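One letter stands for each residue in the lines below.
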Amino acid sequence: MQNVINTAFDGAATTAAGVELLEAFSSLAKRDSIKRCVEKKSAEVFQTFAQELGHVKSTFDKLKGSPPLIHRDHPRFAGGALWAKSLHARITKQWEMLDAARSFLAPSREAEDAASLYAQLEAALHEYIRRLYSDWVTPQAPTAPQLPPHIPRCSQVHPPPLLRLDRHRRIW
């Protein structure tokens, strides 16, 4: 049975696949040796999630100064917030699966470490989104290019704060 468990987990590259296998094998584990094998695989799944958190955190830390926009037409603040929300959704979906699996798995140090890392990264992402929002609502001095006087500027028809608000409101 241990060989079957090990072989099954060799093909599980994602946290979701690992959680599904843990759920299946934890209900079958009756002997102590099988329970230990499932506990070992449980620790490996939590370590895989911790590695994913580390990857997301390094990506976030590297790109938060100039976040990649999901689409080229997204405004700077709302586009950055949307990027951070996508990172948050990526880790939250995995965490919810692992958190639900904790009900049928034995407590482990790896599970506590993963919970701590998740909470830290989630707080950092929420703080980043909050900061982007506060930067967006804080008025800034307009830096519109000077056009010749005979060409009407768009801001003469629509003031710049309204133009900026219109672009951002679609995403917030």
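Residues numbered from 1 in each chain as written. Predicted model: local features only at pLDDT ≥ 70, side-chain atom pairs only at ≥ 80, totals over all residues. Heavy atoms only, no water.

Here we look at the overall build of the protein chain
Regarding its fold elements, the protein chain presents 7 helices and 0 strands. Sequence-distant contacts, at least 24 apart, represent 73% of the contacts inside the protein chain between residues at least 6 apart. Summed over its atoms, the accessible surface of the protein chain is roughly 10900 Å², and 56% of this surface lies on carbon and sulfur atoms. (Helix = DSSP H or I, 4+ residues; strand = E, 2+ residues; numbered from the N terminus. Contact = heavy atoms within 4.5 Å. Areas by Shrake-Rupley, 256 points an atom, 1.4 Å probe, with all protein chains shown as cover.)

Section: a nonpolar patch on the surface
Where nonpolar side chains cluster on the molecular surface, the patch consists of Met-1, Val-4 and Leu-28 and spans about 280 Å² of accessible area. Looking at where Leu-28 falls in the secondary structure, it is placed in helix H2 (residues 15-28). (Patch = residues over 30% accessible without salt bridge, like charges linked within 9 Å, V, L, I, M, F, W, Y side chains within 5 Å. Salt bridge = Lys/Arg side-chain N within 4 Å of Asp/Glu carboxyl O.)

What to know about the confidence of the model for the protein chain
With 79% of its residues at a pLDDT of at least 70, the protein chain reaches an overall mean of 82. No element of the protein chain has a lower mean pLDDT than helix H6 (residues 154-157), at 50, and none a higher one than helix H5 (residues 109-137), at 93. (pLDDT = per-residue confidence, 0-100.)

Concerning the packing of aromatic side chains
Think of a pair of aromatic rings as described by two things: how far the centres are apart, and how the planes are tilted against each other in angle. One pass over the structure, following the stated rule, counts 8 aromatic pairs. For the ring pair Phe-60 and Trp-83, a centre distance of 5.9 Å and an interplane angle of 25 degrees mean the geometry is stacked. With Phe-60 in helix H3 (residues 32-63) and Trp-83 in helix H4 (residues 76-101), this pair connects stretches of sequence that are 23 residues apart. Considered together, Phe-60 and Trp-83 belong to a single accessibility category, that of buried residues. Of the aromatic side chains, those joined through ring pairs into one cluster are Phe-49, Trp-95 and Tyr-118. (Phe/Tyr/Trp six-rings, centres within 6.5 Å; stacked < 30°, edge-to-face > 60°. Buried < 20%, exposed > 50% of the residue type's maximum accessible area, 1.4 Å probe, protein only.)

Overview of the packing of helix H1 (residues 2-10) against H3
When two helices pack together, their arrangement is given by the angle between their axes and by how far apart the axes lie. Contact pair H1 / H3: the axes reach a minimum separation of 10 Å and the direction vectors enclose 15 degrees. It follows that H1 is roughly parallel to H3 by the angle criterion. Judged by the twist between their axes, the crossing of H1 over H3 is right-handed. On the side of H1, the interface is formed by Gln-2, Ile-5, Asn-6 and Phe-9, while H3 contributes Ser-33, Ile-34, Cys-37, Val-38, Lys-41 and Val-45. The residue makeup of the contact of H1 with H3, split by class, is 6 nonpolar, 3 polar and 1 charged. (Axes fitted to C-alpha atoms, helices over the stretch in contact; angles between N-to-C directions. Parallel < 35°, antiparallel > 145°, perpendicular 65-115°, else oblique. Left-handed = near helix turned anticlockwise from the far one by under 90°. Nonpolar A, V, L, I, M, F, W, Y, C, P; charged D, E, K, R; others polar.)

A closer look at the nonpolar core
Formed by 34 residues in total, the largest nonpolar core has its most connected members in Ile-5, Phe-46, Phe-49, Ile-91, Trp-95, Leu-98 and Leu-125. For this core, the secondary structure elements donating two or more residues are H1, H2, H3, H4 and H5. Not counting residues up to four positions away in its chain, the partners in contact with Phe-49 are Thr-15, Ile-91, Gln-94, Trp-95, Leu-98, Ala-114 and Tyr-118. (Core = buried A, V, L, I, M, F, W, Y, C linked by side-chain atoms within 4.5 Å.)

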